[in-house]
Amino acid sequence: MQSDQQKRVERGVYLSLGAYIFLSIVKLVSGIFYNSDALVADGLNNATDIIASIAVLIGLKISRKPADEDHPYGHLRAETIASMVASFIMVVIGIEVLISSIKKMFNGVETEPSLTAALIALFGAAVMIIVYFYNIKVAKETDSQGLKAAALDNRSDAFVSIGAAVGIFGAQIGLPWLDPAAAVLVGLIIIKTGWEIFTETSHNLSDGFDYEEGKEMEHKILDVEGVENVGDLKARKHGNRAIIDVTIKVDPSLNVVESHEITEKIEDTIKEAYNVESIQVHVEPEDGKNKDNPLK
């Protein structure tokens, strides 16, 4: 990730962190003052999200470290690990919301919070929706897994706040069951979002790569002049960048310089189209001769 992209990603995480700190204080104080358990729970949810944001921020800081003896490819995967940590936190929060809301449904706990608490919850939802749209836009432009996880967490928090507002409005019109029912749905949404982040990050950490994207790369390589066939193509994610190893087949009559020029064209083509950390191109003769020394 280039330095300007890193700064944009970090600004997005700092934005989330600032929003969480502000909203958690407002919701906790208001929830206690206006007698709203739902708003207090929402505030505690935001307080927990502060930890997730800090985890992502630490991962981003570590990912900026240059390559060293122990990490010849750099530290970009620290961002992916931070995203996985954030997904764990989201799932735990979702389970807690789910359990507590189901208990409330069976226990029939009824509260009469102030209508102001609902308006504060809606205000919090509006803030997090704005933060979500900003962060998801930057995440797509920079292909940042850490910021994507933060953005999806932003969206889940907006749903939590909306659920809290629905519950408070329900209590106002004599439907106290709306509060725990909305919370159950919100809990499921949070768990689903956390699981999606976990599956994506675990796929990348286990050297998985999108099959369709790999086929697109293969087609682009085949379009390079001088490439007669692609013998093999392997790719894996390293943070938000790809590491690629490809074997191409060329005319066996080409000399070393001509073969090298083809590899440079491939590198330029792939790096222009994709976010690539490194690409290794191996050359072999198309007819299969001289496999031990393919450039002869």
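The rules behind the values
Residues numbered from 1 in each chain as written. Predicted model: local features only at pLDDT ≥ 70, side-chain atom pairs only at ≥ 80, totals over all residues. Heavy atoms only, no water. Patch = residues over 30% accessible without salt bridge, like charges linked within 9 Å, V, L, I, M, F, W, Y side chains within 5 Å. Areas by Shrake-Rupley, 256 points an atom, 1.4 Å probe, with all protein chains shown as cover. Salt bridge = Lys/Arg side-chain N within 4 Å of Asp/Glu carboxyl O. Helix = DSSP H or I, 4+ residues; strand = E, 2+ residues; numbered from the N terminus. Pairing = 2+ DSSP bridges. Right-handed = clockwise from strand over helix to strand, strands pointing away. Buried < 20%, exposed > 50% of the residue type's maximum accessible area, 1.4 Å probe, protein only. Core = buried A, V, L, I, M, F, W, Y, C linked by side-chain atoms within 4.5 Å. Contact = heavy atoms within 4.5 Å. Axes fitted to C-alpha atoms, helices over the stretch in contact; angles between N-to-C directions. Phe/Tyr/Trp six-rings, centres within 6.5 Å; stacked < 30°, edge-to-face > 60°. Parallel < 35°, antiparallel > 145°, perpendicular 65-115°, else oblique. Nonpolar A, V, L, I, M, F, W, Y, C, P; charged D, E, K, R; others polar.

This part covers a nonpolar patch on the surface. A contiguous nonpolar patch, built from Leu115, Leu119, Leu122, Ile162, Val166 and Phe169 and spanning about 460 Å² of accessible area, is present on the exposed surface. Elements with a minimum of two residues in the nonpolar patch: helix 4 (115-142) and helix 5 (145-172). Along the chain, the position of Leu119 falls in helix 4.

Before going further, it helps to spend a moment on the pairing of strand 3 (residues 276-285). Sheet topology note: the strand 2 (residues 241-250)/strand 3 ladder contains 9 bridges and is parallel. In the sheet register, Thr247 faces strand 3, and the bridge partner there is His282. In terms of handedness, the path from strand 2 via helix 8 (residues 256-273) over to strand 3 forms a crossover that is right-handed.

Evaluated as defined, the whole model comprises 8 salt bridges. Two residues, Lys137 and Glu141, come together in a salt bridge whose shortest N-O distance is 2.9 Å. One end of the pair, Lys137, and the other, Glu141, are both in helix 4, 4 residues apart, so they sit about a helical turn from each other. For Glu218, the salt bridge is made with Lys215, and the minimal N-O distance between the two is 3.5 Å. Of this pair, Glu218 and Lys215 both sit in helix 7 (residues 211-222), 3 residues apart, which is roughly one turn of that helix. For Lys215, a relative accessible area of 28% puts it in the partly exposed group. What you see here is one network of salt bridges that share partners, running through Arg8, Lys137 and Glu141.

This part is about the nonpolar core. Counting 22 residues, the largest nonpolar core has Val13, Val56, Leu60, Ile93, Leu147, Ile190 and Ile197 as the members making the most contacts within it. For this core, the secondary structure elements donating two or more residues are helix 1 (3-33), helix 2 (37-63), helix 3 (77-107), helix 4, helix 5 and helix 6 (178-205). Excluding its chain neighbours within four sequence positions, the residues that come into contact with Val13 are Ser53, Val56, Leu57, Leu60 and Leu147. Counting 21 residues, the second largest nonpolar core, distinct from the first, contains Ala242, Ile248, Ile266 and Ile270.

Before going further, it helps to examine the sheet that holds strand 1 (residues 229-238). The 3 strands lie next to each other as 1-2-3, forming an open sheet whose pairing is mixed. At either margin of the open sheet sits one strand with a lone partner, and together these are strand 1 and strand 3. On average, each strand axis in the sheet is tilted by 10° relative to the strand beside it, whichever way the strands run. Where strand 1 lies against strand 2, 9 bridges are found, and the strand directions are antiparallel. Across the sheet, the residue bridging to Leu233 is Val246, located in strand 2. Against the sheet, helix 8 engages strand 2 and strand 3, with an angle of about 150° to strand 3.

Quick look at the packing of aromatic side chains now. Under the defined criterion, the tally for this structure stands at 5 aromatic pairs. With a centroid separation of 4.9 Å and an interplanar angle of 90°, the aromatic rings of Phe33 and Tyr34 are classed as edge-to-face. Residue classification places Phe33 among the exposed residues on the basis of a relative accessible area of 64%. Ring-pair connections join several aromatic residues into one group, and the members of that group are Phe88, Trp195 and Phe198.

Let's shift gears to the packing of helix 2 against helix 3. Across the interface, helix 2 lies against helix 3 with an axial gap of 7 Å and an inter-helix angle of 170°. As judged from the angle between their axes, helix 2 and helix 3 are roughly antiparallel. Between helix 2 and helix 3, the residues in contact are Asn45, Thr48, Asp49, Ile51, Ala52, Ala55, Val56, Gly59, Leu60, Ile62 and Ser63 and Ala78, Glu79, Ala82, Val85, Ala86, Ile89 and Ile93, respectively. Of the residues that constitute the contact of helix 2 with helix 3, the class distribution is 12 nonpolar, 4 polar and 2 charged.

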